[in-house]
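# What the coordinates show
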Amino acid sequence: MARTQGSKAEITGPLVREAAMSLFARHGYGAVSMRQIAAEVGVQVGALYAYTPEKQALLADLLRSHMEELLAAWQDDPTLPALSRLQAFLRFHIQTSLERPEAVFLSYMELRSLTPDNRREIAALRRRYEDALECILTAGEAEGAMRIPDRRLTTMALISMLTGVTNWYREDGRLDQDHVVAIYWELVRGAVGA
């Protein structure tokens, strides 16, 4: 059976999400109106409500999708030594962060803009991702390969450091992604007392 061209809804829905993400990342959630999102997509503002009930729901959906995609993509191998697992996590986090800098920015900067119920939901997803790293650190301590004064604080510090790469990394900069990963690996090894 021949594949048919996508419906207008299949095309417009992703465009609404893409426009919202870009505008929220550039101007901040509070400064962006549904009218601006509609103008960016090229539809009437009333048409947006076929894709989202409100701006808050759109932000929550963007943050939820980002975290769910991250959790689905991360594949840990508990049979490996903890340092190998930590290195794999570092490479994964940097690579996925650089692939979606706007989603990463929103995930950290606009959590404050969510309603309490939405914030709790997204925070729980974030906690699952943080727990994946903390599990690796726990294994590293048990193996005697890491010396960590406080696992939770170290987890948060490492994720913050790794995520920060989105603030300064440029494809045409002096370091390619592999060099950045290698340097960060040395920093992370020091941070975990390896």
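Residues numbered from 1 in each chain as written. Predicted model: local features only at pLDDT ≥ 70, side-chain atom pairs only at ≥ 80, totals over all residues. Heavy atoms only, no water.

### Remarks on the overall build of the chain
- Across its full length, the chain carries 10 helices and 0 strands.
- Starting at the N terminus and ending at the C terminus, the chain contains elements arranged as α-α-α-α-α-α-α-α-α-α.
- Dimensions of the chain, computed from C-alpha atoms along their principal axes, come out at roughly 60 × 40 × 40 Å.
- In the chain, which comprises 194 residues, the share counted as buried stands at 43%.
- Considering only intrachain contacts with a sequence separation of at least 6, the fraction spanning at least 24 residues in the chain is 68%.
- Here the chain displays about 10,800 Å² of accessible surface, and carbon together with sulfur accounts for 53% of that area. (Helix = DSSP H or I, 4+ residues; strand = E, 2+ residues; numbered from the N terminus. Buried < 20%, exposed > 50% of the residue type's maximum accessible area, 1.4 Å probe, protein only. Contact = heavy atoms within 4.5 Å. Areas by Shrake-Rupley, 256 points an atom, 1.4 Å probe, with all protein chains shown as cover.)

### Points about the side chain of R85
- Turning to its location among the elements, R85 is positioned in helix α5 (residues 82-99).
- For R85, the side chain forms a polar contact with the side chain of D76, separated by 2.6 Å.
- Setting aside residues up to four positions removed in sequence, R85 forms contacts with W74, D76, D77, P78, L80, C135, I136 and A139. (Polar contact = N/O pair within 3.5 Å; in protein donor to acceptor, adjacent residues only side chain to side chain.)

### Description of a nonpolar patch on the surface
- Taken together, F105, Y108 and M109 make up a surface patch of nonpolar side chains, about 250 Å² in accessible area.
- Relative to the helices and strands, M109 is located in helix α6 (residues 101-109).
- Residue M109 is classed as partly exposed on the basis of its relative accessible area, which comes to 35%. (Patch = residues over 30% accessible without salt bridge, like charges linked within 9 Å, V, L, I, M, F, W, Y side chains within 5 Å. Salt bridge = Lys/Arg side-chain N within 4 Å of Asp/Glu carboxyl O.)

### Quick word on helix α8 (residues 151-163)
- When the terminal C-alpha atoms of α8 are compared, their 18 Å separation across 13 residues agrees well with the 18 Å that a helix rising 1.5 Å per residue should span.
- Residues T154, T155, L158, I159, L162 and T163 constitute the buried set of α8. The arc enclosing the buried residues of α8, seen along the axis, measures out at 155°, which places them on a common side.
- Packed against the buried residues of α8 are α5, α6, α7 (116-143), α9 (165-168) and α10 (177-191).
- Of the residues flanking the start of α8, the one acting as N-cap is D150, its side-chain oxygen 3.1 Å from the backbone nitrogen of R152. (Expected span 1.5 Å × (residues − 1). Arc of directions from axis to C-beta.)

### Some details on the pattern of salt bridges
- Scanning the model with the defined rule gives 13 salt bridges in all.
- The salt bridge partner of R112 is E110, with a shortest N-O separation of 4.0 Å.
- On the basis of relative accessible area, R112 is assigned to the exposed category, the value being 57%.
- Two residues, R120 and D117, come together in a salt bridge whose shortest N-O distance is 2.3 Å. On the criterion of helical spacing, the pair formed by R120 and D117 is a turn pair, its members being 3 residues apart in helix α7.
- Among the residues examined, R120 registers a relative accessible area of 53% and is labelled exposed.

### Here we look at the domain arrangement of the chain
- Domain boundaries assigned for the chain yield domain 1 (5-52) and domain 2 (57-192).
- Taken together, the contact pairs 11 residues of domain 1 with 12 residues of domain 2.
- When domain 1 packs against domain 2, close to 1,100 Å² is buried across both sides, 70% of that on carbon and sulfur atoms.
- Of all residues in domain 1, the largest losses of buried area upon contact with domain 2 belong to R17, M21 and Y29, amounting jointly to 53% of the total for that side.
- Taken together, domain 1 and domain 2 are joined by 1 salt bridge.
- Across the pair R17 and D61 runs a salt bridge whose closest N-O atoms are separated by 2.1 Å.
- Between the two partners, domain 1 and domain 2, sit 4 residue pairs in polar contact (both at pLDDT 80 or more). (Domains from an automatic or database assignment. Buried area = accessible area lost by both parts, 1.4 Å probe.)

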